[in-house]
Amino acid sequence: MDTARIRKGFPILARKLNGKKMTYLDNAATTQKPRQVIKAEREFYEKRNANVHRGLNALSREATELYELAHENAARFINAGGIEEIVFTKNATESLNLLAYSLGENIRTGDEILLTKMEHHANIVPWQELAKRKKATVKYADITEDGRLDIEDLNGKISPRTRIVSVTMASNILGTINDVEKISALAHEAGAKCVVDAAQAVPHTKVDVERIRCDFLAFSAHKMLGPTGLGILYGKSELLEEMPPFLTGGDMISTVTLEGAEWNKIPWKFEAGTPNIAGAAGFSAAIGYLEKTGMENIETHENKLLKAGLKRMAEIKGVEIYGPEKGPRTGIIPFNVDGVHPHDVSEVLDGNGVIIRAGNHCAQPLMREIGVEGIARASFYLYNNTEEIERLASSVEEAKKTFGV
Ligand code: PMP
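Quick caveat: nothing in here was measured; it's all calculated off a predicted structure.

Asker: What am I meant to see in the environment of S166 here?
Answerer: Along the chain, S166 falls in strand 7 (residues 162–168). What makes S166 buried here is its relative accessible area of 0%. Each C-alpha atom of the pair S166 and G318 lies 36 Å from the other, and the pair is 152 residues apart in sequence. The residues touching S166, leaving out its near neighbours within four places in the chain, are L114, L115, T116, E119, N123, W127 and V195.

Asker: Before we go on, may I ask you to explain unusual backbone geometry in this structure?
Answerer: Where the residue is not glycine, phi is negative for most of them; where a peptide bond is considered, it is trans in most cases. Put simply, I266 and P267 share a cis peptide bond, and its omega is 5°. Relative to the assigned elements, P267 resides in the loop between strand 12 (261–263) and helix 10 (277–293). Located in the positive-phi region is L225, a residue other than glycine, with phi close to 75°. Structurally, L225 is set in the loop between strand 9 (216–220) and strand 10 (231–235). You can call L225 buried: its relative accessible area is 0%. Even without being a glycine, D251 presents a positive backbone phi close to 75°. Along the chain, D251 falls in the loop between helix 9 (237–242) and strand 11 (253–256).

Asker: How do you make sense of the sheet that holds strand 17 (residues 375–379) when you look at a structure like this?
Answerer: As a general point, the strands of a sheet are linked pairwise by backbone hydrogen bonds and lie either parallel or antiparallel. Read across the sheet, four strands follow the order 13-14-17-16 without closing on themselves; strand pairing throughout is antiparallel. Edge positions in the sheet fall to strand 13 (319–321) and strand 16 (357–359), since each has one partner strand and no second. Taking the axes of each pair of neighbouring strands and ignoring which way they run, one obtains an average angle of 30° across the sheet. Sheet analysis places strand 16 next to strand 17, joined by three bridges and oriented antiparallel. Counterpart to G359 in the pairing with strand 17 is I375. Contacting strand 13 and strand 14 (332–337), helix 11 (residues 295–314) runs over the sheet at an angle of about 10° to strand 14. Here helix 12 (residues 342–351) sits on the sheet and contacts strand 14, strand 16 and strand 17; the angle it forms with strand 16, its principal contact strand, is near 160°.

Conventions we followed
- Residues numbered from 1 in each chain as written.
- Predicted model: local features only at pLDDT ≥ 70, side-chain atom pairs only at ≥ 80, totals over all residues.
- Heavy atoms only, no water.
- Helix = DSSP H or I, 4+ residues; strand = E, 2+ residues; numbered from the N terminus.
- Buried < 20%, exposed > 50% of the residue type's maximum accessible area, 1.4 Å probe, protein only.
- Contact = heavy atoms within 4.5 Å.
- Pairing = 2+ DSSP bridges.
- Axes fitted to C-alpha atoms, helices over the stretch in contact; angles between N-to-C directions.

Spelled out as structure tokens, the structure:
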């Protein structure tokens, strides 16, 4: 991967931070945007701005085509059956909430929802709230000492009352990649639906919903070079057809009388109100960029950075690194420095222009499971390079000196 060339295409990467070269290693939180994405959004507003699915005029038709094309691009990117299986939401969080309300309608007293102990809050709280509304139970599959999902435990926790199994494909803290194909098969054997939170997977590896055979899959455009404010929910068309809408109002109806309404066809049944049209234009550009670069190349590059990063960080005395020693993981280095709070580590790094994330990363149950209050996390993407790993490591060494450990 020619990162020097790639970096020139991301304007923000040229900026300085606290007088130092900016080293952006917080890609699990959000990714930077290439010129193509910025240009696509600007061009939409400069040349094509109109509302979609309404005006019988050329401008609205153009905007509608562009908006629907973004659904087509998303469908191709994850190998979905077609645009009827792609719902645009605000973010992965909203995609999961949509499911907890709409799919959740069928949940009855005593039913079970199975999650894991490595979920992001976005894949915990909506299900807990659903369980409260329906007097259902939420169960959690264990993780192993080294941060892998205990699949035997998960299998053992599936019961005849399990209706939904919702798991992350890649942990936002540990980087652990879960065998969602297997989990999906186990869920289906028990007659449960399988939901995959792929917010940390789709940007980093080839995700194929046909191969996974999951029923639903959620992710966010902003973590894959695209704009904020646009999330995606993939759902099998026959299931989306049966499900009631989540939000109601304009655009999601076919007819409305004073007595009631009939729903539009999928996916529009789930897209009430004016959507993020400019965001959709940017998202198409992001998908185009990733396809051109090649997901295999991105994965290989991140693996190289991960290996080099883990090795370099392990050389620093007093640095503890979390996550699986064996098995697949994404380009995330979760770590702590003995005797220094992760927030303090992050502050010293910030002074050197190195941006990481420190805290509980919206996964407090996982933090408790690992037995720490917080973790510092460096996460890579296609534009990162080994020079930045060195800047990370030397800044961590500096933090140790600053705090006298
Ligand atoms: N799931 C995982 C695994 C995540 O890492 C995140 C974002 N940190 C989300 C869900 C939620 O994504 P968003 O904030 O874009 O809704």
